[in-house]
Amino acid sequence: METMVEPIEPTTPETPVNSNRAEAKSRFSKALDEAKAGAAALKAEAVEKAGTLKADAKVKADGYKGRAGEKGEQLKGDAAAYSEQAKAKAAELALETKAKTSEAMVSLGRFATDNAGTIDEKLGVKYGDYARSAARSLETNAAKLDAKSLDELGEDARQVVRKSPGTAVAVAVGAGFLLARLFRSK
């Protein structure tokens, strides 16, 4: 004999459950709306702060840019001043070198002229005449060197380099070697 069990029916009416559910939904919707409103307020605050920070950064960047521009202009001015000083010093040294070279050529010419008589006696008149000719040539070239300006000498040097660049390179290498030996020995 089996007894049958009857299903138990809820004793609470359905309306309070639906009412609680509706109230929970309403509260959840309100909470969701408040969260959305809070998120929108936070977003607006973040956008405002970002705008302020961006404006501050732009002001600072403009300040740095202005100072960098001023410093750049100052450095350009300093470089131009140093360049002018270097040009003036180079021109001064070039003039001194030109004068000393001319003096050396004249002195060498006088030395050759003074010793031409001795050369005549020891080696013959032919070699004495060579010495006199070399002396005149040195004195003439010294006079030409004195007469030319630095610009003319520079142009002459450019023409020599254009005509025979190999010779110009060889002379430059030789001069560099001699200067290196001169400074190394000191």
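This text follows the structure it describes.
Residues numbered from 1 in each chain as written. Predicted model: local features only at pLDDT ≥ 70, side-chain atom pairs only at ≥ 80, totals over all residues. Heavy atoms only, no water.

What about the pattern of salt bridges?
(1) Moving on: Scanning the entire structure with this criterion turns up ten salt bridges.
(2) Moving on: Lys49 is the partner of Glu45 in a salt bridge, and the nearest nitrogen-oxygen pair spans 3.4 Å. With a gap of four residues between them, Glu45 and Lys49 both fall in helix α1 (residues 14-122), about one helical turn apart.
(3) Moving on: Linked by salt bridges that have partners in common, Asp120, Asp129 and Arg132 make up one network. (Salt bridge = Lys/Arg side-chain N within 4 Å of Asp/Glu carboxyl O. Helix = DSSP H or I, 4+ residues; strand = E, 2+ residues; numbered from the N terminus.)

Overview of the packing of aromatic side chains
(1) Moving on: Tallying each qualifying case throughout the model produces one aromatic pair.
(2) Moving on: Their ring planes at 70° and their centres at 5.9 Å tell us that Tyr127 and Tyr130 sit as a pair that is edge-to-face. In this pair, Tyr127 and Tyr130 are both assigned in helix α2 (residues 125-147), three residues apart and thus about one turn of the helix distant. (Phe/Tyr/Trp six-rings, centres within 6.5 Å; stacked < 30°, edge-to-face > 60°.)

A short note on the environment of Gly109
(1) Moving on: Locating Gly109 in the fold gives a position in helix α1.
(2) Moving on: If we ignore the near neighbours within four places in the chain, the residues touching Gly109 are Ala135, Leu138 and Glu139. (Contact = heavy atoms within 4.5 Å.)

Quick look at the side chain of Ser102
(1) Moving on: Structurally, Ser102 can be placed in helix α1.
(2) Moving on: Look at Ser102 and you get buried, because its relative accessible area is 3%.
(3) Moving on: The contacts of Ser102, once residues within four sequence positions are left out, are Ala142, Leu145 and Asp146. (Buried < 20%, exposed > 50% of the residue type's maximum accessible area, 1.4 Å probe, protein only.)

Focus: the environment of Ala131
(1) Moving on: In this fold, Ala131 is placed in helix α2.
(2) Moving on: In sequence terms Ala131 and Thr113 are 18 residues apart; their C-alpha atoms lie 6.7 Å from each other.
(3) Moving on: Those residues in contact with Ala131 that lie beyond four places of it in its chain are Ala112, Ala116 and Ile119.

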